[in-house]
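# Topology and contacts: notes
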Amino acid sequence: MVFGILFCFLPLIVFFLIFTFAYKLNVFYQLIAILTGLLSVIPISLIQYFVPDINDFANNYPIFYSLLKSLILYAVIEEVIKMLFLFFLPISEGKLSRNNKIELTDSGTKAFALKRFILLGFIMGLSVGCFESGVYFFEHMQKAKNAGSQLLYIPIFIRMFSAVIIHFSCTGLCALFMFGLKNKITKISLMLSAILIHGIYDFFAGFQNSFKYFAFAVVLFSIIECRLKYKNLQENIDKTIDKD
């Protein structure tokens, strides 16, 4: 049981250590990001619980209903709420300089303000994704008793590889949106990308046939998209600073 829970939170633990020692990201801020992610699960769960099912529509148009459910019930609700909770994460402790760098008073080192915030967004996304994996773990305990522990850990590993990375990338996109918003650079495409990627992933992941493997293509695309959007926003911020 304990090993299973630790296994679910392994991605969060690994990236927490990487960001702490390799990127010198403040531990206290990372803990705030983790707590913020866990708190965001509360309104997400409540809203999703009280949204009624449209059984007639689901029976008549199952594929279309599944797509709408993935986009609205999961993607829109989860990404918008995560974006709102990102508002409470610290962006910087000083003004951006002309090279987009700041002095961090907590560590005494130089770092990119944008990179620092997206890393916090990644940690927050991992906390949400790993928590969901924990819930998934408990839901499948009974199946594990009947068929052996291997049946349990294989789907959790797959979930860690896919759903957790989706939360990682999509929360990163939301962090870019929030960072741009606070720096008067509104990029609606960032938020739309997070919603569409999350929704399309959930849509394909819900299939029980070979279509479910398209979800892995969406996972790969989410990583690429997050990287491209990060570089694009960084260039926009550099141009804004040069004009000042």
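Thresholds applied
Residues numbered from 1 in each chain as written. Predicted model: local features only at pLDDT ≥ 70, side-chain atom pairs only at ≥ 80, totals over all residues. Heavy atoms only, no water. Disulfide = S-S within 2.5 Å. Buried < 20%, exposed > 50% of the residue type's maximum accessible area, 1.4 Å probe, protein only. Axes fitted to C-alpha atoms, helices over the stretch in contact; angles between N-to-C directions. Helix = DSSP H or I, 4+ residues; strand = E, 2+ residues; numbered from the N terminus. Parallel < 35°, antiparallel > 145°, perpendicular 65-115°, else oblique. Left-handed = near helix turned anticlockwise from the far one by under 90°. Contact = heavy atoms within 4.5 Å. Nonpolar A, V, L, I, M, F, W, Y, C, P; charged D, E, K, R; others polar. Core = buried A, V, L, I, M, F, W, Y, C linked by side-chain atoms within 4.5 Å. Expected span 1.5 Å × (residues − 1). Arc of directions from axis to C-beta. Phe/Tyr/Trp six-rings, centres within 6.5 Å; stacked < 30°, edge-to-face > 60°. Lys NZ or Arg CZ within 6 Å of the ring centre and 35° of its normal.

### Side note on the state of the cysteines
Across all of its chains, the model carries 0 disulfides by this definition. Left without a disulfide partner, Cys8 is nearest to the cysteine sulfur of Cys130, which lies 7.9 Å away. What makes Cys8 buried here is its relative accessible area of 0%.

### Section: the packing of helix α2 (residues 10-21) against helix α6 (residues 113-139)
Relative orientation and spacing of two packed helices are given, respectively, by the angle between their axes and the distance between those axes. Taken N-terminus to C-terminus, the directions of α2 and α6 make an angle of 165 degrees; their axes are 9 Å apart at the nearest point. Taken together, α2 and α6 sit at an angle that is classed as roughly antiparallel. The chirality of how α2 crosses α6 is left-handed. Contacts between α2 and α6 pair Pro11, Leu12, Phe15, Phe16 and Phe19 from the former with Leu119, Phe122, Ile123, Leu126, Ser127 and Cys130 from the latter. Within the contact of α2 with α6, the residues separate by chemical class into 10 nonpolar, 1 polar and no charged.

### Observations concerning the nonpolar core
Counting residues in each nonpolar core, the largest one holds 59 residues, and the members touching the most others are Leu176 and Phe179. Looking at this core, the elements with two or more residues in it are α2, α3 (27-50), α5 (62-86), α6, α8 (149-182), α9 (188-205) and α10 (214-243). Considering every element that reaches this core, the biggest residue donor is α8, with 13 residues. Filtering out sequence-adjacent residues up to four positions away, Leu176 remains in contact with Leu114, Ile118, Leu190, Cys226, Lys229, Tyr230 and Leu233.

### Concerning the environment of Ile166
Positionally, Ile166 belongs in helix α8. Through-space distance from the C-alpha of Ile166 to that of Ala215 is 9.8 Å; in sequence the pair is 49 residues apart. The contact partners of Ile166, leaving out residues within four places of it in the chain, are Ile197, His198, Tyr201, Val218, Val219 and Ser222.

### Let's talk about α2
An ideal rise of 1.5 Å per residue puts 16 Å on 12 residues; α2 measures up with 17 Å between its terminal C-alpha atoms. Turning to α2, its buried residues number three or more, namely Pro11, Leu12, Phe16, Phe19 and Thr20. Around the axis of α2, the buried residues are gathered within 155 degrees of arc, so they sit on the same side.

### Remarks on the packing of α3 against α5
Packing of α3 against α5 leaves a shortest axis separation of 9 Å and a crossing angle of 140 degrees. Crossing hand, α3 versus α5: right-handed. On α5, the residues that touch Thr36, Leu39, Ser40, Pro43, Ile44, Ile47 and Gln48 of α3 are Leu73, Tyr74, Ile77, Glu78, Ile81, Lys82 and Phe85. Taken together, the residues that form the contact of α3 with α5 break down as 9 nonpolar, 3 polar and 2 charged.

### Focus: the packing of aromatic side chains
Two aromatic rings are characterised by how far apart their centres lie and by the angle between their planes. All told, the structure shown has 17 aromatic pairs when counted by the stated rule. Ring centres 6.4 Å apart and planes at 65 degrees place the aromatic pair Phe85 and Phe88 in the edge-to-face group. Plain terms: the ring middles of Phe204 and Phe214 are 5.3 Å apart, the flat faces sit at 35 degrees to each other, and that makes the pair tilted. Of the two residues, Phe204 is situated in helix α9 and Phe214 in helix α10; the sequence distance between them amounts to 10 residues. Put simply, the rings of Phe15, Phe19, Tyr23, Phe122 and Phe168 pair up and form one aromatic cluster. Over the ring of Phe87 we find Lys182; its NZ or CZ atom is 4.4 Å from the centre of that ring.

### Remarks on unusual backbone geometry
For Lys24, which is not a glycine, the phi torsion comes out positive at approximately 55 degrees. Relative to the assigned elements, Lys24 resides in the loop between α2 and α3.

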